[in-house]
Amino acid sequence: MILLFTLGFTGIVASAQSPTQPPIKLFLNEVQPGGLASSQYCTLVFTNRHFHSEKADIKHGVDSSRKIYEGQLSDNEWNSLVAIIDSPAFRDMKIPRTVPPLIMQDTHPYTISVARDNDFQNMEFLDSKSLKPYESQIKPLLQWWKPIRGRHMAESTASASPQCSLDSSHAVYAQ
């Protein structure tokens, strides 16, 4: 069994953005658990098509390394993303918030937040079982994301985003 004490994510979008940074369109976070260490992938996509990605290796609840990448989505990548998250099937999903138990097995958490008018559509999946009922709607977004986060890019000198920091809360974005 795996004891989860670093599942949640910090940051309130409205208060965490600097005045010069465009609003966030999409937040994606995945933690891939491992035997001795976990990998975390976090991507913020802004309304100006800029993205900020982080990949962290986490051992015993602490970053052993964190790399930051930034770039601009191509027209094709942006249009594909918008088509996925604005599709009626995706937009109309209502994912109930759940409170994670203190001890869980077979975790593979995903956190997704999409800007919707003056609010956010928040989704959190703690494992494959919780994702299964929504897989047909979520899978296109995850397939879109994997090549974006897997690009070979030069590491950025930008600071880590507070939205990508793991903590002990069970937080998703709010306004």
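What counts and how
Residues numbered from 1 in each chain as written. Predicted model: local features only at pLDDT ≥ 70, side-chain atom pairs only at ≥ 80, totals over all residues. Heavy atoms only, no water. pLDDT = per-residue confidence, 0-100. Contact = heavy atoms within 4.5 Å. Phe/Tyr/Trp six-rings, centres within 6.5 Å; stacked < 30°, edge-to-face > 60°. Lys NZ or Arg CZ within 6 Å of the ring centre and 35° of its normal. Core = buried A, V, L, I, M, F, W, Y, C linked by side-chain atoms within 4.5 Å. Buried < 20%, exposed > 50% of the residue type's maximum accessible area, 1.4 Å probe, protein only. Helix = DSSP H or I, 4+ residues; strand = E, 2+ residues; numbered from the N terminus. Salt bridge = Lys/Arg side-chain N within 4 Å of Asp/Glu carboxyl O.

Turning next to the confidence of the model for the protein chain. Averaged over all residues, the pLDDT of the protein chain equals 80, while 79% of them reach at least 70. Note on residues 1-17: pLDDT under 50 across the span, and 59 contacts to partners over four residues away in sequence or across chains. Residue range residues 168-175 is modelled with pLDDT below 50. Its contacts to residues more than four positions away, or to other chains, number 35 contacts.

Geometrically, a pair of aromatic rings is defined through the distance of the ring centres and the angle of the planes. Tallied over the full model, the rule gives 1 aromatic pair. Positioned over the ring face of Trp145 is Arg149, at 4.6 Å from the centre of the ring.

This brings us to the nonpolar core. Core analysis: the largest hydrophobic core is formed by 26 residues, its most contacted members being Ile138, Leu141 and Trp144. In terms of residues, this core owes the most to one element, helix α5 (residues 135-149), which gives 6 residues. In this structure, Ile24, Phe27, Cys42 and Phe46 belong to the second largest nonpolar core, which totals 6 residues.

With that out of the way, let us pick up the environment of Pro140. Tracing the backbone shows Pro140 in helix α5. According to the relative accessible area criterion, Pro140 is partly exposed, its value standing at 31%. Considering only alpha carbons, one finds Pro140 and Phe90, 50 residues apart in sequence, at a separation of 9.8 Å. Excluding its chain neighbours within four sequence positions, the residues that come into contact with Pro140 are Ile84 and Glu135.

Under the defined criterion, the tally for this structure stands at 8 salt bridges. The salt bridge involving Glu30 is made with Arg149; its shortest N-O contact spans 2.4 Å. Of the two residues, Glu30 sits in strand β3 (residues 24-32) while Arg149 sits in helix α5, which places them 119 residues apart along the sequence. Judged by its relative accessible area of 16%, Arg149 falls in the buried class. Two residues, Asp75 and Arg49, come together in a salt bridge whose shortest N-O distance is 2.4 Å. Here Arg49 lies in the loop between β4 (38-46) and β5 (50-59) and Asp75 lies in helix α2 (residues 75-85), a separation of 26 residues in the sequence. Ionic contacts of the salt-bridge type, sharing partners, join the residues Asp86, Arg91 and Arg116 into one network.

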